[in-house]
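# Structure assessment
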Amino acid sequence: MKNLLLTLFAALLIGSTMAYEPPDEGMWLPMFVERLNYVDMQEMGLQLTAEEIYSINNSSLKDAIVGLSGGGVGGFFCTGEIVSEKGLLFTNHHCGYNKIQSHSTVEHDYLKDGFWAMSLEEELPNKGMAASFLVRMEDVTDSIIPFLSDTLTESERTAAVRKIRTRLAEKAEEDGKYTTRVSSFYGGSEYYLFVYTVYKDVRLVGAPPSSIGKYGGDTDNWMWPRHTGDFSIFRIYTGPEGESAKYAEENIPLKPAHHLPVSIDGYKEGDFAMVWGYPGGTERYMTSFGIEYKLDAFLPTLIEIFDAQLQAWKVHMDADQAVRIQYASKYAGLANAWKLFLGQTRGLKRLKVYEKKQKIEIAFQAWADAQPETSEKYGEVLKNLEEGYANLTNDFPVLVYTALAANSPEILGYAAQYGQLLELLDSKADDAIIEETITQLRDGMGGHFKNYYAPADEDAFAALMEVYHNNVPLESQPEYFLELVDDMNGNFIFLADYVFNNSIFESQDQINAFLDKPKKKTLEKDPAFMLSTDFTNMMGQVMGQYRQANTQIGEFNRLFIAGLREMKPDKVFYPDANSTMRMSYGSVQDYIAADAVFYDYFTTLAGVMEKEDATNDEFFVEEKLKTLYANKDFGPYGEMVNGKERLNVCFLTTNDITGGNSGSPVINGNGELIGIAFDGNWEAMSGDIAFEPELQRTINVDIRYVLFIIDKLAGAQNIIDELTIVDTPKHTKVKTVNVKAKAVTEKSIE
Ligand code: ARG
């Protein structure tokens, strides 16, 4: 009792003096948490020991975190967390989307209806999906940098580093037991070795219907307030001895070193929260010249191209459910990037990121110029970056219009796969070799056509060819293409019609007929094949300049970061994200989105009902969910607030995350799972380039909503039973009470 009174008193005191605690910027390397962050984290509410968080000798929290990929460890598209002793894994719905799509048909539409395995036997295996555990990491900078001579050019340096990196990584594989990689940090000033165990049998266990997992669709994407149940469930399988093994029916569920307990106690504003995972990339050290390049070249180019393709596909997806399934995953990926780029453009401008970067650069230049040694090392860095970016701005659009506008119609990408066959036919290669190539092409054909609908691609092709033609200087467009444009009087619909009518690559039957009796000439006069070859050649011509600009930027970016660190020796500079495991910590917080716009830190099921729109499938709400809501049938996952039952859906934290962190666990001070991170907010979309402490938030799905859906909506008790659920409040500490926010919160609850 005394304790409780004291805590309450302390909370009130803190509440009145510290209404807002600045969130913590940085995605930290687990290996250094004890040294750099631990004390801070403890002060904010972390109860675990440093050893419980990251240890290479004992099982620790990091052993419950996996990177998801197609099989490699060079990049992870998402993160997952282990939540049972039988290798059960939670991630986002949008992370599993591609796999859910691949199992869906018009008859069994798991995208639309969801999927729940009620036993191990019902789980669905996935081709090309792997889950990687970090075994350990190690600083290998001293095995690389001292061996690089000062006289190397940047490209020679890159080549030398690559050689050493490969050797170091191979040495750590221990005869194939581990998959390893040496990753570059601070633009190439430091290098770390990462050792992983990669599991390749990962099966689909559960997914909510898209009306829950993708609720709000592209309209709500990248935005708060959010009401999306963005989760899906997988399970990792191993060979009989717990070893990594490729798919086999008799494989057994993984016995993990650690799994996260799940807390259904909820959170309060100000509560400590950490996020673990595999953020893909940030550019926090980008200069004002880089921002200029983004705004003038990079972002507008990609937005225009993606827009054309999306619009073309959408018409066909809306008209036919089969096409909608075929294009669901491709469309979602492109739409997600498209909206991100729009948001970045807006954020960079509104938040005056260019001006902020300039300030840093003025200080940097003054510091460099002050001493002869620093001037010699760093005096020309900014000038070189300016030049590099100016060149990139020049060269980028042609390259990207050629690479993306010209090469991304699916028919061209697919036709390109037949280039090798043409070479073999041309060189009169051995029949056996030709046969082998044909078999490979036939094997891959099903995969391509499963998600292919020629009329949708034809419309996309027409739109993209027009974008390409209008944006690339005529002298950089292939002759054959210009002839076609001429023949069709500049009508791109006619041009597309001609190509699709005269190419074999539009249908499986025609390709099979060709493969039965392959003739060189068929390929040589196929318009899709010809265009694809020409565009690829054109790309080769501009690639050189583009690479050169990038090399220059790479070199001086490294020096810029090194200089910054030298300039402020007492400041800890965290490294940019690079698909290696990171931890970020912060707290649960609301935010002020704009003048007079205050956003609370959580949403509830009431908001799902509010947004319902029967005429728009992005805001469809299924009957069962409505009934559960009407009956307030929330099980142990709801909470009683002011005499009313409430079920939280999503919440906000100040954690610093980016793409790749999707699916990451949000963990409370006791090391328990309270949510799954899935998005960032619209007002701070330039956050990958400059962190915005006041504005930037991570959007998480509340783990209680996840459990509610599994339990009450799907009735998958088998999944609930596997979890380690914690529902006794372990601490009643209220760290910060935001008085203003509280008043609003109470008002907003009906
Ligand atoms: N913006 C989220 C991310 O990049 C993806 C959300 C997926 N939802 C969607 N409507 N496309 O992690």
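Details of the structure are given in the entry above.
Residues numbered from 1 in each chain as written. Predicted model: local features only at pLDDT ≥ 70, side-chain atom pairs only at ≥ 80, totals over all residues. Heavy atoms only, no water.

## Quick word on the overall build of the protein chain
Each helix and strand in the protein chain was counted, giving 28 helices and 24 strands. When its C-alpha atoms are laid out on the principal axes, the protein chain stretches across 90 × 75 × 55 Å. Split into buried and exposed, the 750 residues of the protein chain put 57% on the buried side. Taking the contacts inside the protein chain whose residues are at least 6 apart along the sequence as the reference set, 78% of them involve residues at least 24 apart. In the structure as shown, the protein chain presents an accessible area of about 32500 Å², 52% of it carried by carbon and sulfur atoms. In the protein chain, 68 side chains carry a positive charge and 110 a negative one; their mean positions are 3 Å apart. (Helix = DSSP H or I, 4+ residues; strand = E, 2+ residues; numbered from the N terminus. Buried < 20%, exposed > 50% of the residue type's maximum accessible area, 1.4 Å probe, protein only. Contact = heavy atoms within 4.5 Å. Areas by Shrake-Rupley, 256 points an atom, 1.4 Å probe, with all protein chains shown as cover. Lys, Arg positive; Asp, Glu negative; His and termini not counted. Charge placed at Lys NZ, Arg CZ, Asp CG, Glu CD.)

## What about the environment of Ser532?
Assignment of secondary structure puts Ser532 in helix 23 (residues 527–567). Ignoring any residue separated from it by four or fewer positions in sequence, one finds Ser532 in contact with Asn407, Leu412 and Ala416.

## Details of helix 20 (residues 492–502)
Among all positions of helix 20, only Phe492, Leu495, Ala496, Val499 and Phe500 are buried. Projected down its long axis, helix 20 shows its buried positions confined to an angular sector of 125 degrees, all on one face. Facing away from the buried side of helix 20, by more than 90 degrees, are the exposed residues Ile493 and Asn501. Each element contacted by the buried residues of helix 20 is listed here: helix 15 (410–416), helix 18 (454–471), helix 19 (479–487) and helix 23. Put simply, Asn491 is the residue that caps the front of helix 20, since its side-chain oxygen is 2.9 Å from the backbone nitrogen of Ile493. (Arc of directions from axis to C-beta. Polar contact = N/O pair within 3.5 Å; in protein donor to acceptor, adjacent residues only side chain to side chain.)

## Observations concerning the side chain of Asp63
Here Asp63 is to be found in the loop between helix 4 (50–53) and strand 1 (65–69). Take Asp63: its relative accessible area is 12%, and that puts it in the buried class. A polar atom in the side chain of Asp63 sits 2.7 Å from the side chain of Lys62. Every residue in contact with Asp63, bar those within four places of it in the chain, is listed here: Asn58, Phe133, Leu134, Ala257 and His258.

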